[in-house]
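# Structure at a glance
Here is how the chains run, residue by residue.
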Amino acid sequence: MKEREVEAKRLVGKKTVRGKVYEYEYYTLPLNLYIPKSMVEKFGTKFSLHYDEDSGIITLRPMDLK
């Protein structure tokens, strides 16, 4: 099992629909994992990522709940 510390990056996206521009924000982690905004608001941006190579399961835990 591999373990490493990761930090969520805040990204802002823009989308144009029928001439109107909408902005939205989302958070992403390495390995192209998306994380819900509510999870970042609740626990912060630092997480511990556990990767089990045998089963291929990725587990994400907040750093303060380690």
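As a reminder, the structure under discussion sits directly above these lines.
This write-up is about the structure you can find in this document. Worth saying up front: this structure is predicted, and the values here are computed from it rather than measured. (Residues numbered from 1 in each chain as written. Predicted model: local features only at pLDDT ≥ 70, side-chain atom pairs only at ≥ 80, totals over all residues. Heavy atoms only, no water.)

Turning our attention to a nonpolar patch on the surface. Side chains of Leu31, Tyr51 and Ile58 sit close together on the surface and give an oily, nonpolar patch of about 260 Å² of accessible area. With respect to the helices, strands and loops of the structure, Leu31 is situated in the loop between strand E3 (20–29) and strand E4 (33–35). Look at Leu31 and you get exposed, because its relative accessible area is 53%. (Patch = residues over 30% accessible without salt bridge, like charges linked within 9 Å, V, L, I, M, F, W, Y side chains within 5 Å. Areas by Shrake-Rupley, 256 points an atom, 1.4 Å probe, with all protein chains shown as cover. Salt bridge = Lys/Arg side-chain N within 4 Å of Asp/Glu carboxyl O. Helix = DSSP H or I, 4+ residues; strand = E, 2+ residues; numbered from the N terminus. Buried < 20%, exposed > 50% of the residue type's maximum accessible area, 1.4 Å probe, protein only.)

Our focus in this paragraph is the sheet that holds strand E1 (residues 2–7). Reading across the sheet, the 3 strands line up as E1-E5-E6 and stay open at both edges, with antiparallel pairing between neighbours. The two strands at the open ends of the sheet, each matched to only one other strand, are E1 and strand E6 (57–62). For this sheet, the mean angle separating the axes of adjacent strands, direction not counted, is 25°. Strand direction decides the pairing type here: strand E5 (residues 46–52) and E6, joined by 6 bridges, are antiparallel. Bridge pairing links His50 to Thr59 in E6. (Pairing = 2+ DSSP bridges. Axes fitted to C-alpha atoms, helices over the stretch in contact; angles between N-to-C directions.)

What the rule picks out here adds up to 4 salt bridges. Between Lys2 and Glu53 there is a salt bridge whose closest N-O contact spans 3.4 Å. Taken together, the positions of Lys2 in strand E1 and Glu53 in the loop between E5 and E6 put the pair 51 residues apart, joining distant regions of the chain. Here Glu53 falls in the partly exposed class, since its relative accessible area comes to 43%. Here Glu25 makes a salt bridge to Arg10, at a shortest N to O gap of 2.8 Å. With Glu25 in strand E3 and Arg10 in strand E2 (residues 9–17), the pair connects residues that are 15 residues apart, well separated along the chain. A network of salt bridges, in which partner residues are shared, links Arg10, Glu25 and Lys37.

Before going further, it helps to spend a moment on the nonpolar core. Ranked by size, the top nonpolar core spans 8 residues in total: Val6, Ala8, Tyr27, Leu29, Ile35, Val40, Phe47 and Leu49. Counting residues per element, the ones that place at least two in this core are E3 and E5. Beyond its immediate stretch of four places on either side in the chain, Val40 contacts Ala8, Tyr27, Ile35 and Thr45. (Core = buried A, V, L, I, M, F, W, Y, C linked by side-chain atoms within 4.5 Å. Contact = heavy atoms within 4.5 Å.)

Without other data, these values stay purely geometric and don't point to any function.
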